[in-house]
Amino acid sequence: MKLRDFVLRRIILAIPVIFGVLTITWFLSYVVGDPLAMYVTERTPDAAIPGIIRARGLDAPLVVQYFLYLTALFQGDWGVSTTTGADQPVLTVLARLFPATIELSIVAMSIAIVLGIPLGIISATRKDKAADHVTRVFALIGVSMPIFWFGLMLKYVLFYQLSVWDLPHLPGGDRYNFRAFGSWQPTTGFLLIDSLLFEHNPALFLDAVVHLIMPAFCLGYITLAIITRMMRSSMLEVIKEDYITLAKSKGLSERVVIYKHALRNALIPTVTVIGLAFGGLITGAVLTETIFNWPGLGRWATNSILNSDIAAINGFTLLVAFIFVIANFIVDMIYGVLDPRIRFG
Amino acid sequence: MSDELVLHVKDLYVNFYTYEGIVKALDGVEMFLRRGDTMGVVGETGCGKSVTAKSILRLIEAPGRLDDGQILFFDQDFETKETIELDLAKLELEEMLEIRGNRISIVFQDPATYPNPVFRIGDQIAEVIELHQNLAMDVLYMKIAKLELTLSEATSDENRAEIEGKISYYRQQLDDPPEPDKKSMREAAKLKAIEMLRLVRMPAPEQVVNQYPHELSGGMRQRALIAMSLACNPSILICDEATTALDVTVQAQVLLLLNQLKAEIGTSIIVITHDMGVVAETCNWVNVMYAGTTVESCATEEIFAKPLHPYTAGLLIAVPKLHEVKDRLPQIRGTVPNLITPPTGCRFHPRCDYATSVCKEKKPLLEELEPGHWVACHHPLRS
């Protein structure tokens, strides 16, 4: 099986990447902060400090500490985070917060792909016409506007101003209306899935969707703009290719030429951008989550950095590295589907 | 060979509206092709050979525009044998789609860049078959052939009776075949694609249909492209430098193949080339072009024996000959004119040894100077 070899080789190649990421972050976190800081407060008596150092293994040589960290990591002990208040295992926190972030990111990415690819095609096929100019300005705004300003403006207009004028408005933050629905029991952690499959509450689902619109669009706008621009330029490139002339000479209609012969070739560079952007979305969620009070990883990660909560920082970085690797793996698989020349190459 | 025309390009003007100015690429091109002929179109790079070919299929893209002229296409109706006259220059795009790849098809220069890299060879050929042909009969024949195969392997009598029943059911439908479903149409088209590959002498066509262009050699890819363009039995096949990118042995094979196929399926062929050898080997008629105009048009033997236009004569002298020893090949002095500001009158006059004042002022028209020999020149040789 060629496909199995391909997948296997990809996985083997991912190991040094992950290993490199966790080694670098671990050592860096020791460079930039005092590992003791997260275990002591102003009220910790001086006499207790040597005890804490010994208990946490901070007196061992750096290399030994590193290997202890690795061993613990493989045993499923990612350390303890103090950022959320009480000591909590990092894995538990990740498991609790991650679904909210990934849900937001997936919806943002879906918006970006579903709008970005057709906009790019329209822009390319109507080059220098009105539709192209409008799309290009829309995309230019997307890549140029800082996410925090855009988020605040969205919120100011669609939430604040509309509610001032007593018009129907979008919610200004949160994942759902807590006052109306109370707390929910996370099964998968994805509110969109849980509300329908486990809570059997379509009203809650709708509420979750309404709450997602603004943050997801805010987060996805940059990616949407990048995809649109990429799709436009690669489409323009492809429609100049000889095989498009051949397709036309066969008597195929413009629609078939563009959506069958050109699209598949033009998607290849776009897919690369999508893969890279997905990893960026997870980290880019930090600002969006803060603006829209979204209970995800982003805010927790920021606070961990501010508190120099080393275990949390390492855990978050490792998770993002995993997502990057998985996203690129999926991109490589899609490459293979789109382009036979790359297939299992 | 009959005298009946299949294509007549009349006074064709194509301009390209670029930032630098208007490129007058075609300036009254005249061209006629008789049914069953193989016509060579020769000329230097940039003389408008390919633009003419693309104009015939209306494949000229912005900033180019077909500004004036007629492209008369005399197509024979398949059933009534009546000749239908169409002016391709004035046809709507939807009507043109019916012509492209179906009645007139084209094989391009570079087999490396023309097949779509992401689709299987078979699918690319089947696509054009599915698009233009009514496959209802083929689907029925395919179903019958399949059933006959299972019949020969069937063991129990009950099975046999059932299969025979089905076969006779499909046989009855042959007189008035029903509209087939998409899946069996695709299957029948693919079988036809294998057939086409076999026609162009592709080795192992059953495997090649499932291969991608990058898995084939240049010569095989060009064969596949030829199969694609012949799939619907076109009236006219245009070979736009179809053998230029191939090495000499493969080139010879492809030329031989084209000549054999012409006899087999009765297509008229236009061969666009700048290789006089290719012309001598494959064509029975030659059309010489210079800077967007037709300068000479006659039978192949005629052009090699006694060219009437100074440009044609110059071209032929420039061809190196096997039995001669020469330090320097003769050439036509000067360079190809800039088509944004082409020379007035006869476009060849700045390079012509026989040019007089009339050549600068008046554009010569294509005239039949001798029977079967058309020339556009104020001072034709030996006349």
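For clarity, every value in this text was computed on a predicted model and none was experimentally measured.

Looking now at the overall build of chain B. Helix and strand counts for chain B come out as 13 helices and 12 strands. With the principal axes as the frame, chain B shows a C-alpha extent of 90 × 45 × 45 Å. Across the 383 residues of chain B, 52% fall into the buried class. For chain B, restricting intrachain contacts to residue pairs at least 6 apart in sequence, the fraction spanning at least 24 positions comes to 67%. Of the roughly 18400 Å² of accessible surface on chain B, 53% is carried by carbon and sulfur atoms.

For the rest of this paragraph, the subject is the interface of chain A and chain B. Contact with chain A, which involves 20 residues of that partner, is made by 24 residues of chain B. The largest share of the area that chain A buries against chain B comes from L246, S249 and K250 of chain A, three residues that together contribute 28% of it. The interface formed by chain A and chain B includes three salt bridges. Ionic pairing is found between E127 of chain B and K260 of chain A, a salt bridge with its closest N-O pair at 2.9 Å. At the boundary of chain A and chain B, one finds 12 residue pairs in polar contact (both at pLDDT 80 or more). With six residues, the single largest contributor to the side of chain A that touches chain B is helix α10 (residues 242-249) of chain A.

Ranked by internal contacts, the top residues of the largest apolar core, which has 101 residues, are L7 and I270 of chain B. Looking at which element gives the most residues to this core, the answer is helix α6 (residues 182-199) of chain B, with seven residues. When near neighbours in sequence (up to four residues on either side) are disregarded, L7 of chain B contacts M31, F32, L33, I56, I71, L72, F73, F74, I236 and I270 of chain B. Within the second largest apolar cluster, 80 residues are counted, among which are I18, L281, W300 and Y335 of chain A.

It is worth spelling out the packing of aromatic side chains at this point. Scanning the model with the defined rule gives 18 aromatic pairs over all chains in all. Pairing F27 of chain A with Y66 of chain A gives two aromatic rings, centres 5.1 Å apart and planes at 35°, and the pair type is tilted. Highlighted residues: F27 of chain A in helix α1 (residues 2-32) and Y66 of chain A in helix α3 (residues 62-74), separated in sequence by 39 residues. Between Y66 of chain A and F67 of chain A, the aromatic rings sit 5.5 Å apart at their centres with planes inclined by 65°, giving edge-to-face as the arrangement. Assessed through its relative accessible area of 7%, Y66 of chain A is described here as buried. Three or more aromatic residues link up through ring pairs in this structure, and these residues are W26, F27, Y66, F67 and Y69 of chain A. The lysine or arginine in question, R34 of chain B, covers the ring of W285 of chain B, its NZ or CZ lying 4.3 Å from the ring centre.

Turning our eyes to something else, we now look at the domain arrangement of chain B. Annotation of chain B at the domain level lists domain 1 (1-103 + 236-383) and domain 2 (136-179). The centre of domain 1 of chain B, based on its C-alpha atoms, is set 51 Å off from the matching centre of domain 2 of chain B.

Calculation notes
- Residues numbered from 1 in each chain as written.
- Chains lettered and ligands numbered in written order.
- Predicted model: local features only at pLDDT ≥ 70, side-chain atom pairs only at ≥ 80, totals over all residues.
- Heavy atoms only, no water.
- Helix = DSSP H or I, 4+ residues; strand = E, 2+ residues; numbered from the N terminus.
- Buried < 20%, exposed > 50% of the residue type's maximum accessible area, 1.4 Å probe, protein only.
- Contact = heavy atoms within 4.5 Å.
- Areas by Shrake-Rupley, 256 points an atom, 1.4 Å probe, with all protein chains shown as cover.
- Buried area = accessible area lost by both parts, 1.4 Å probe.
- Salt bridge = Lys/Arg side-chain N within 4 Å of Asp/Glu carboxyl O.
- Polar contact = N/O pair within 3.5 Å; in protein donor to acceptor, adjacent residues only side chain to side chain.
- Core = buried A, V, L, I, M, F, W, Y, C linked by side-chain atoms within 4.5 Å.
- Phe/Tyr/Trp six-rings, centres within 6.5 Å; stacked < 30°, edge-to-face > 60°.
- Lys NZ or Arg CZ within 6 Å of the ring centre and 35° of its normal.
- Domains from an automatic or database assignment.

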